[in-house]
Amino acid sequence: MPVRTSGSSQGSHGRGAGLGLALASALAFGGSGVAAKPLIEAGLDPLHVVWLRVAGAAVVMLPLAVRHRALLRRRPALLAGFGLLAVAGVQACYFAALSRIPVGVALLVEYLAPALVLGWVRFVQRRPVSRAAALGVVLAAGGLACVVEVWSGLSFDPLGLLLALGAACCQVGYFVLADQGSEAGEEAPDPLGVIAYGLLAGAVVLTVVARPWTMDWSVLAGPAQLNGTAVPALALLAWIVLVATVVAYITGVLSVRRLSPQVAGVVACLEAVIATVLAWVLLGEHLSAPQVLGGAVVLAGAFIAQSSTPAKGSSGPVATGGAERELSARGTAA
């Protein structure tokens, strides 16, 4: 019988396992940009890298899609929207941004999504938000100003920053779609099925947009340069598909089954830190002291905004937690 899970209902062992899974998910997601950028620099178009990532993960997740095929009849609009925004839109904008700006900067800009969601809640849904959440938005915006060094006239590529902001906007769609069916109880769509079909829908959309038949497939047969070290391109692709997508999503879902959405969302903020550190170590993308400080402020703002979320069903002011973690919290374990 389906059972709704919550971090508060688990013992200390369950919480410990949940924290471990959440950390593993943040590590897996955080490594995607570091593995993708060498492929882009080796000659692959960013959209082709996104297509390879999503299509490969969709094939791996296909058995779950078959298992939850009833979702096609029950929630076609949710699956289509999730695939278009939460999968295709986020990944395409993020990977395109990587071709123009550092990995850490792209991810930190993308982490404006929690602030944008609060704007959606306040001005579109016309629901109040807590003062702590508003403070988180202000901190995130101020930290971002330091990251992009606005005082120097935006030293980073403006189009790259716009693409990263596009990824953040698509993540807003991710948050909003995650709320669909949240009041359906045991009839709520299973998160694993939504993820599986989201990947399939995203792969279909990206096939039309990316036109993989025009891709230079020979790049995958050769090496890519990881900060001066030759690494097989196929090895990087395997990491992106299996670890940075499949493992990242699954561990993220399982972590929320053992933690509250708030706790899992806060741990997810480490993704930006992990990505920045990995880019620093593996790609040699050094950030200045103000940029490092700004990144810390962005994360602090995200932490405050997410940790101020009230329990589900509360009538108090609201803020929204982390993307796929919030989605999985809405679902049920089959």
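Look a little higher up for the structure.
Given the structure is predicted, the values throughout are model-derived calculations rather than measurements.

## Focus on the environment of Trp51
Phase 1: Looking at where Trp51 falls in the secondary structure, it is placed in helix α3 (residues 46-67).
Phase 2: What makes Trp51 buried here is its relative accessible area of 15%.
Phase 3: Residues contacting Trp51, with those up to four places away along its chain left out, are Gly56, Ala203, Leu206, Thr207, Ala210, Pro212, Met215 and Trp217.
Phase 4: Looking at Trp51, its side chain comes within polar contact range of the side chain of Thr207, at 2.8 Å.

## Digging into the pairing of strand β1 (residues 223-226)
Phase 1: By the alternation rule, side chains of β1 split into Ala224 and Leu226, which are all buried, and Pro223 and Gln225, of which none is buried.
Phase 2: In the sheet, β1 pairs with strand β2 (residues 229-232) via four bridges, with the strands oriented antiparallel. From the neighbouring strand, Leu226 faces β2, where its bridge partner is Thr229.
Phase 3: Between β1 and β2, which pair antiparallel and follow one another directly, the connecting turn spans two residues, one of which, Asn227, has a positive phi of 55 degrees.

## A word on the packing of aromatic side chains
Phase 1: Across all of its chains, the model carries two aromatic pairs by this definition.
Phase 2: The interplanar angle of 90 degrees and the centroid separation of 6.2 Å between the aromatic rings of Trp51 and Trp217 together place this pair among those described as edge-to-face. In this pair, Trp51 is assigned in helix α3 and Trp217 in the loop between α10 (191-210) and β1, connecting sequence segments 166 residues apart.
Phase 3: For Trp217, a relative accessible area of 44% puts it in the partly exposed group.
Phase 4: Ring centres 5.7 Å apart and planes at 80 degrees place the aromatic pair Tyr94 and Phe95 in the edge-to-face group. Of the two residues examined, Tyr94 and Phe95, each falls in the buried class.

Cut-offs applied
- Residues numbered from 1 in each chain as written.
- Predicted model: local features only at pLDDT ≥ 70, side-chain atom pairs only at ≥ 80, totals over all residues.
- Heavy atoms only, no water.
- Helix = DSSP H or I, 4+ residues; strand = E, 2+ residues; numbered from the N terminus.
- Buried < 20%, exposed > 50% of the residue type's maximum accessible area, 1.4 Å probe, protein only.
- Contact = heavy atoms within 4.5 Å.
- Polar contact = N/O pair within 3.5 Å; in protein donor to acceptor, adjacent residues only side chain to side chain.
- Pairing = 2+ DSSP bridges.
- Phe/Tyr/Trp six-rings, centres within 6.5 Å; stacked < 30°, edge-to-face > 60°.

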